[in-house]
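Listed below are the residues making up each chain.
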2 protein chains.
Amino acid sequence: MKVDVHFTRAEVDAAALGESTVVVIDVLRATTTIVEALANGAVGVYPTSSAADAAQLAASLGREDALLCGERKGVKVDGFDLGNSPAEFTAEVVDGKKLVMSTTNGTRAFSAALEACRVLVCAFTNLGAVAAAVSADETLVVLCAGQGDRFSIDDALCAGHLVRRVVETGTNTFELNDAARAARALAEELNPDRAFLEDISAGRALAEIGLAGDFEICGEVDRHDIVPMMHNQAITLAGA
Amino acid sequence: MKVDVHFTRAEVDAAALGESTVVVIDVLRATTTIVEALANGAVGVYPTSSAADAAQLAASLGREDALLCGERKGVKVDGFDLGNSPAEFTAEVVDGKKLVMSTTNGTRAFSAALEACRVLVCAFTNLGAVAAAVSADETLVVLCAGQGDRFSIDDALCAGHLVRRVVETGTNTFELNDAARAARALAEELNPDRAFLEDISAGRALAEIGLAGDFEICGEVDRHDIVPMMHNQAITLAGA
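Residues numbered from 1 in each chain as written. Chains lettered and ligands numbered in written order. Predicted model: local features only at pLDDT ≥ 70, side-chain atom pairs only at ≥ 80, totals over all residues. Heavy atoms only, no water.

**Concerning the overall build of chain A**
Right, on to step 1. For chain A, the helix and strand inventory stands at 10 helices and 11 strands.
Right, on to step 2. When its C-alpha atoms are laid out on the principal axes, chain A stretches across 50 × 35 × 30 Å.
Right, on to step 3. Among the 240 residues that make up chain A, the fraction classed as buried is 57%.
Right, on to step 4. Sequence separation of 24 or more characterises 78% of the internal contacts of chain A that already satisfy a separation of 6 or more.
Right, on to step 5. Surface exposure of chain A reaches about 9300 Å², of which carbon and sulfur atoms provide 46%. (Helix = DSSP H or I, 4+ residues; strand = E, 2+ residues; numbered from the N terminus. Buried < 20%, exposed > 50% of the residue type's maximum accessible area, 1.4 Å probe, protein only. Contact = heavy atoms within 4.5 Å. Areas by Shrake-Rupley, 256 points an atom, 1.4 Å probe, with all protein chains shown as cover.)

And the structure:
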């Protein structure tokens, strides 16, 4: 099994993804929020690049069934129903709804993965489920959303814990690229506890706008046993 | 002290480097080779982006005092005097010479650092000397050359060992960016021994073209107690 981790979107050769399963990670907070929403009964999540695209898509999906979600600079977009805090996406709020979502880094990462044959959504909260879902793949590409175009350690650490799980439970031989090796080594040293999350770049930015409460869900490993999958630009539960 | 590591050139905001000391790292092999050349008596190293620029600069420096060095795809450029293997740069060959050098990733990294007030050259071979030289800085930027525009674990590991030395010997408080934290964690797990170097992306590429002998010098921590510094596009020994 070939395992390539990419720490930024710029490092991905999108045209070469055809045969690969791509796992997209944005721990703080887009992929954590998507996992939470689908675990709580949302029927689908539709990532869009801009807030304007999101509003247009919500209208076309039927505004009464859709919720507009997302942030800019961490804060809920004006006029949207929800921001990007996983705790907002309770069953009471999202069950049966279609969520149109626009976030700064996360939804852009999905657009980098569009050429892949299978695109899965990963956070710490569904790490084990994703590891199991990719175990039989020949080529796994893990795409960290990063911050802007820069390395983000929370995404890299999640990638590393995923690589560890895949390698430790696998019976294949594994060929890791440099970033996969580095991520795995990182996972030997670090865990996504509160002290870690509040002291990293994206975590400090969240705490500054009063969203440190998000660390609780974002750092909870294996909170859900589900694998969201993107198909035709909609993210739904695999097998659903 | 603010310590920012960047794993690829694309992540550097070149225009913001003005007040910083920038440390450039390309373990396999440009910065290892530059350290070796200056330790063995070369009077200066002149990085150039293209082989054509290199030939032109060598002519203007006086061809009898200059050596043309560098590689493309790891192999010595046709018509050049030397390739990019540190072991080629012995005192017998380089003492008193000006070296015009063009390599795939290393010399490009120097061009990303041109706006900085101080640019130092680092490899495992002069790690301690560089750590000591930056210990009083307010802002340290560590620029990993990477492979093409991608993460390279040898450069990241060297950056991590540098960060460890700086933090462990320093009396300052330190503010590390995400990549500096990750590099430091990597350095807790890994060392640049032969087993590591021959199993990583750049190392496998070198071994395939018969240059595995380079690992010996490239992985030797603190082989030299010198700090090469770039000024006006020439690299010489700091204080020389």
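**Considering the interface of chain B and chain A**
Interface size is commonly expressed as the accessible surface area that is lost when the partners come together.
Right, on to step 1. Residue-level contacts link 25 residues of chain B with 25 residues of chain A.
Right, on to step 2. Taking both partners together, chain B and chain A bury about 2000 Å²; carbon and sulfur atoms supply 54% of that area.
Right, on to step 3. When residues of chain B are sorted by the area they lose upon contact with chain A, Glu 11, Phe 151 and Asp 178 of chain B head the list and together hold 30% of the total.
Right, on to step 4. There are 2 salt bridges connecting chain B and chain A.
Right, on to step 5. The salt bridge partner of Arg 181 of chain B is Asp 199 of chain A, with a shortest N-O separation of 3.0 Å.
Right, on to step 6. At the surface where chain B touches chain A, the tally comes to 10 residue pairs in polar contact (both at pLDDT 80 or more).
Right, on to step 7. Only helix H6 (153-169), helix H7 (178-189) and helix H9 (201-208) of chain B provide two or more residues apiece to the side of chain B that touches chain A.
Right, on to step 8. Sort the elements by how many residues they give to the side of chain B that touches chain A and H7 of chain B lands first, with 8 residues. (Buried area = accessible area lost by both parts, 1.4 Å probe. Salt bridge = Lys/Arg side-chain N within 4 Å of Asp/Glu carboxyl O. Polar contact = N/O pair within 3.5 Å; in protein donor to acceptor, adjacent residues only side chain to side chain.)

**Looking at the nonpolar core**
Right, on to step 1. Counting residues in each nonpolar core, the largest one holds 92 residues, and the members touching the most others are Phe 7 of chain A together with Phe 7 of chain B.
Right, on to step 2. For Phe 7 of chain B, the contacting residues outside a window of four places in its chain are Phe 151 of chain A together with Cys 144, Gly 146, Arg 150, Phe 151, Ala 156, Ala 179, Ala 182 and Ala 183 of chain B. (Core = buried A, V, L, I, M, F, W, Y, C linked by side-chain atoms within 4.5 Å.)

**Comments concerning the relation of the copies chain B and chain A**
Think of it as a corkscrew move, a rotation about one axis and a shift along it, taking one chain copy to the other.
Right, on to step 1. Mapping chain B onto chain A is achieved by rotating through 180° and translating by 0.0 Å along the same axis, at an RMSD of 0.0 Å. Look at the turn and shift together and you get a two-fold axis relating the two. Relative to the rotation axis, the C-alpha of Leu 186 of chain B is the closest in chain B, positioned 2.9 Å from it. (Least-squares fit on C-alpha atoms with pLDDT ≥ 70 in both.)

**Some thoughts on helix H1 (residues 30-39) of chain B**
Right, on to step 1. Most of H1 of chain B is tucked away, with 9 of its 10 residues classed as buried.
Right, on to step 2. Immediately downstream of H1 of chain B, the backbone of Gly 41 of chain B shows phi near 100°, a positive value.

**Regarding the pairing of strand S8 (residues 139-144) of chain B**
Residues and elements named next belong to chain B.
Right, on to step 1. Most of S8 sits inside the fold, with 5 of its 6 residues counted as buried.
Right, on to step 2. Relative to S8, strand S1 (residues 2-6) runs parallel, the two being bridged by 5 bridges. Looking at the pairing, Lys 2 lines up with Thr 139 of S8.
Right, on to step 3. Two elements, strand S2 (residues 21-25) and S8, share 5 bridges in a ladder whose sense is parallel. Within the sheet, the bridge partner assigned to Val 22 lies in S8 and is Val 141. (Pairing = 2+ DSSP bridges.)

**With respect to the confidence of the model for chain A**
Right, on to step 1. Chain-level statistics for chain A give a pLDDT mean of 94 and a share of 99% at 70 or above.
Right, on to step 2. Under the prediction, the complex receives an ipTM of 0.94, its pTM being 0.95. (pLDDT = per-residue confidence, 0-100.)

**Points about the packing of helix H5 (residues 127-134) of chain B against H6 of chain B**
Residues and elements named next belong to chain B.
Right, on to step 1. One can describe the packing of H5 onto H6 by two numbers: an axis separation of 9 Å at closest approach and a directional angle of 50°. Accordingly, the angle class assigned to the pair H5 and H6 is oblique. Relative to H6, H5 is oriented so that their crossing is right-handed. From H5, Leu 127, Gly 128, Val 130, Ala 131 and Val 134 reach across to H6, where they touch Cys 158, His 161, Leu 162, Arg 165 and Val 166.
Right, on to step 2. Each residue belonging to the contact of H5 with H6 can be placed in one class, and the counts come to 7 nonpolar, 2 polar and 1 charged. (Axes fitted to C-alpha atoms, helices over the stretch in contact; angles between N-to-C directions. Parallel < 35°, antiparallel > 145°, perpendicular 65-115°, else oblique. Left-handed = near helix turned anticlockwise from the far one by under 90°. Nonpolar A, V, L, I, M, F, W, Y, C, P; charged D, E, K, R; others polar.)

**Re the packing of aromatic side chains**
Right, on to step 1. All told, the structure shown has 5 aromatic pairs over all chains when counted by the stated rule.
Right, on to step 2. With 5.0 Å between their ring centres and 90° between their planes, Phe 7 of chain A and Phe 151 of chain A make a pair best called edge-to-face. Of this pair, Phe 7 of chain A sits in the loop between strand S1 (2-6) and strand S2 (21-25) while Phe 151 of chain A sits in the loop between strand S8 (139-144) and helix H6 (153-169); the two residues are 144 residues apart in sequence, bridging distant segments of the chain.
Right, on to step 3. In this structure Phe 151 of chain A comes out as buried when scored by relative accessible area, which is 6%.
Right, on to step 4. Among the aromatic residues, those joined into a cluster by ring pairs are Phe 7 and Phe 151 of chain A together with Phe 7 and Phe 151 of chain B. (Phe/Tyr/Trp six-rings, centres within 6.5 Å; stacked < 30°, edge-to-face > 60°.)

**Considering the state of the cysteines**
Residues and elements named next belong to chain A.
Right, on to step 1. If you walk through the whole model with that rule in mind, you get 0 disulfides over all chains.
Right, on to step 2. Of all cysteine sulfurs in the structure, the one in Cys 158 sits closest to Cys 218, which takes part in no disulfide; the separation is 10 Å.
Right, on to step 3. Its relative accessible area of 0% is what places Cys 218 among the buried residues. (Disulfide = S-S within 2.5 Å.)

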